[in-house]
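Coordinates in review
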Amino acid sequence: METNALDASNPDIARDWDRYLEDIAKANVVITNIDLVPDPTFAESERQQWKAEAKIFRGMMIFDLAHWFGNIPLNLTEAPDITADNIEEVYPIYFPKPVTQDSAYKQVIADLTEAIPYAPALNAGDKTRLSKTVAYALLAKLYAELGDWDKVIEYSDLVFADGIRLEANYADLFGYDEDKKDAVLRNSVESILEMQYYAGSGSWVTWMFGRDMADPESNFTWAKWITPSRDLIKAFEKEGDNIRYNQTVVWDACNWSNYYPANNYPFMYKCRSAYNSIIKLRGADIQLLKAEALAHKGDLAGAAVLVDEIRARFTLPALDISKTGSEEAMLNSILNERRLELALEGQRLFDLIRFGKLMEVMNNINQPCEGSM
């Protein structure tokens, strides 16, 4: 994406496409076969929970895939072995016709709403589980894409009713404890779903984005992905937002100078060691989605309260009337807050599309700016 070279020959796109479809197929195996397990000790309630978690997983994968690609092939059953006798029958299962993004989203809604009654409750000590709260959060995000603001508010409130709230210390979400050689915090009160890595395993994501604080010299001989832009850095500086800036961007020396001098190069800092969690869903995202929904419905004061609560975590001043006094101003403030709060977490592109700002922003992103030459 940095070089604007996304086409059908890009191997990373092919990899992600294949893996999303593989994950959907794995969920299909569970959903299709769980009721066929003959073990009489396998209780009906447990079968239903397995199926619910598989549907949440499948819904999440379909949402991501359709989010990125639009029209997608969609198969909701396990593909049987192909034989000469059944090839005509099973061919459409292996090679399904694409459905529209809207149709894919309807399937996500069906999977998530069907799963909620049987999915496990949120476990404060294990945010790796595909819980009811994960389904609520995904539905809030999906309905935001559809512009159904009442549903966004409904499902956001269900997320907060399950105990999700802002973590007091933002740095704890992404911090690394050099003494313990481990993440500072897992299963925070803000985390809804996270992937966790421990000593002896480790996450390849760290290698892609910067220097691994657990092993600083490892995998640091080639240029990294998701280089923070000058425009993003200027946005933090304009806001005086030092806390989020310092948890998002770190400067270091390296052996390349693609966008900055090699002796002072910025890196994505939110995945700073092989043992830090990858937070897939967190409360600040959902809180800002609710603010967005309230603004669209004309409750500008309610939207401002939610944004100001997030800003207060960083001792930033409350938004003044110039940023909250109209729907347009309030929405622009929310978009800016999402940029600073969720920077480099994979939300910005879809936010720009949803706000109708993609062309405006991207057409100006490569204009020369101070320090770019």
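See the structure printed just above.
These remarks concern the structure in this document.

Scoring rules and cut-offs
- Residues numbered from 1 in each chain as written.
- Predicted model: local features only at pLDDT ≥ 70, side-chain atom pairs only at ≥ 80, totals over all residues.
- Heavy atoms only, no water.
- Helix = DSSP H or I, 4+ residues; strand = E, 2+ residues; numbered from the N terminus.
- Rg over C-alpha atoms; globule rule 2.2 N^0.38 Å.
- Buried < 20%, exposed > 50% of the residue type's maximum accessible area, 1.4 Å probe, protein only.
- Disulfide = S-S within 2.5 Å.
- Phe/Tyr/Trp six-rings, centres within 6.5 Å; stacked < 30°, edge-to-face > 60°.
- Lys NZ or Arg CZ within 6 Å of the ring centre and 35° of its normal.
- Axes fitted to C-alpha atoms, helices over the stretch in contact; angles between N-to-C directions.
- Parallel < 35°, antiparallel > 145°, perpendicular 65-115°, else oblique.
- Left-handed = near helix turned anticlockwise from the far one by under 90°.
- Contact = heavy atoms within 4.5 Å.
- Nonpolar A, V, L, I, M, F, W, Y, C, P; charged D, E, K, R; others polar.
- Patch = residues over 30% accessible without salt bridge, like charges linked within 9 Å, V, L, I, M, F, W, Y side chains within 5 Å.
- Areas by Shrake-Rupley, 256 points an atom, 1.4 Å probe, with all protein chains shown as cover.
- Salt bridge = Lys/Arg side-chain N within 4 Å of Asp/Glu carboxyl O.
- Expected span 1.5 Å × (residues − 1).
- Lys, Arg positive; Asp, Glu negative; His and termini not counted.
- Polar contact = N/O pair within 3.5 Å; in protein donor to acceptor, adjacent residues only side chain to side chain.
- Core = buried A, V, L, I, M, F, W, Y, C linked by side-chain atoms within 4.5 Å.

1. Considerations on the overall build of the protein chain
Counting secondary structure elements, the protein chain contains 16 helices and eight strands. By the compact-globule yardstick of 21 Å for 373 residues, the protein chain fits well, its C-alpha radius of gyration being 22 Å. Counting only C-alpha atoms, the protein chain reaches 65 × 50 × 45 Å along its principal axes. Within the protein chain, the fraction of its 373 residues that count as buried is 47%.

2. Here's the deal with the state of the cysteines
This structure, assessed with the given rule, holds zero disulfides. Here C271 stays unpaired: no disulfide links it, and the sulfur of C254, its closest cysteine neighbor, is 19 Å away.

3. Topic: the environment of I164
Locating I164 in the fold gives a position in the loop between α6 (149–161) and α7 (170–174). The exposure class assigned to I164 is buried, which follows from its relative accessible area of 4%. Expressed as a C-alpha distance, the spacing of I164 and T133, which sit 31 residues apart in the sequence, is 8.8 Å.

4. Structural notes on the packing of aromatic side chains
A complete count under the given rule lists 17 aromatic pairs for this structure. Here F220 and F267 contribute two aromatic rings whose centre-to-centre distance is 5.6 Å and whose plane-to-plane angle is 50 degrees, an arrangement assigned as tilted. Taken together, the positions of F220 in the loop between α8 (205–209) and α9 (230–239) and F267 in strand β7 (residues 265–268) put the pair 47 residues apart, joining distant regions of the chain. Every member of this aromatic cluster is reached through a ring pair, and the members are F220, W251, W256, Y260, Y265 and F267. The positively charged end of R186 is found above the aromatic ring belonging to Y198, 3.9 Å away from the centroid. Above the plane of the ring of W222 lies K224, whose end atom (NZ or CZ) is 3.4 Å from the centre.

5. Here we look at the packing of helix α12 (residues 300–312) against helix α14 (residues 327–341)
Across the interface, α12 lies against α14 with an axial gap of 11 Å and an inter-helix angle of 25 degrees. As far as their axial angle goes, α14 and α12 are roughly parallel. Like other packed secondary-structure pairs, α12 and α14 cross with a definite hand, here left-handed. Across from L300, A303, A304, V307, I310 and R311 in α12, the residues of α14 making contact are E327, M330, I334, E337 and E341. Of the residues that constitute the contact of α12 with α14, the class distribution is seven nonpolar, no polar and four charged.

6. Details of a nonpolar patch on the surface
A cluster of nonpolar residues, I82, I87, Y91, Y94 and F95, forms a patch on the protein surface that exposes about 510 Å² of accessible area. As for its position among the elements, F95 is in the loop between α3 (87–94) and β2 (98–99).

7. Quick word on α6
Taking 1.5 Å as the rise per residue, α6 with 13 residues should run 18 Å; its terminal C-alpha atoms sit 18 Å apart, in good agreement. Listed in full, the buried residues belonging to α6 are W149, V152, I153, Y155, S156 and V159. The inward-facing, buried residues of α6 contact α4 (101–115), α5 (132–146), β5 (191–195), α11 (283–296) and α15 (348–354).

8. Focus: the side chain of R47
Tracing the backbone shows R47 in helix α2 (residues 44–69). In this structure R47 is buried but unpaired, with E44 as the nearest side chain of opposite charge at 4.6 Å. At 2.8 Å, the side chain of R47 forms a polar contact with the backbone oxygen of V37. Those residues within four positions of R47 in sequence are excluded, and the remaining contacts are I34, D35, L36, V37, P38, D39 and F42.

9. Let's talk about the packing of α6 against α11
Viewed as axis vectors pointing N to C, α6 and α11 meet at an angle of 145 degrees, and their least axial separation amounts to 9 Å. Viewed along their axes, α6 and α11 form a crossing whose handedness is left-handed. In this structure, α6 contributes W149, V152, I153, S156, D157, V159 and F160 to the contact, and α11 contributes G283, I286, Q287, L289, K290, E292, A293, L294 and H296. Looking at the contact of α6 with α11 residue by residue, the class counts come to nine nonpolar, four polar and three charged.

10. Concerning the nonpolar core
Nonpolar side chains in soluble globular proteins tend to be buried together. Of all hydrophobic cores here, the largest spans 68 residues; its most connected members are I56, V134, L138, I192, M330 and I334. By residue number, the principal contributor to this core is α5, which donates 10 residues. With near-sequence residues (within four places) excluded, I56 lies in contact with L112, A115, A119, L130, S131, V134, A135 and L138. Residues F220, I233, F236 and W256 belong to the second largest nonpolar core, which totals 20 residues.

11. What to know about the environment of Y275
Its location among the elements puts Y275 in the loop between β7 and β8 (278–282). Here Y275 falls in the buried class, since its relative accessible area comes to 19%. Separated by 74 residues in sequence, Y275 and S201 place their C-alpha atoms 8.0 Å apart. Ignoring sequence-local partners within four residues, the contact set of Y275 consists of Y176, K181, D182, A183, R186, Y197, Y198, A199, G200, G202 and A214.

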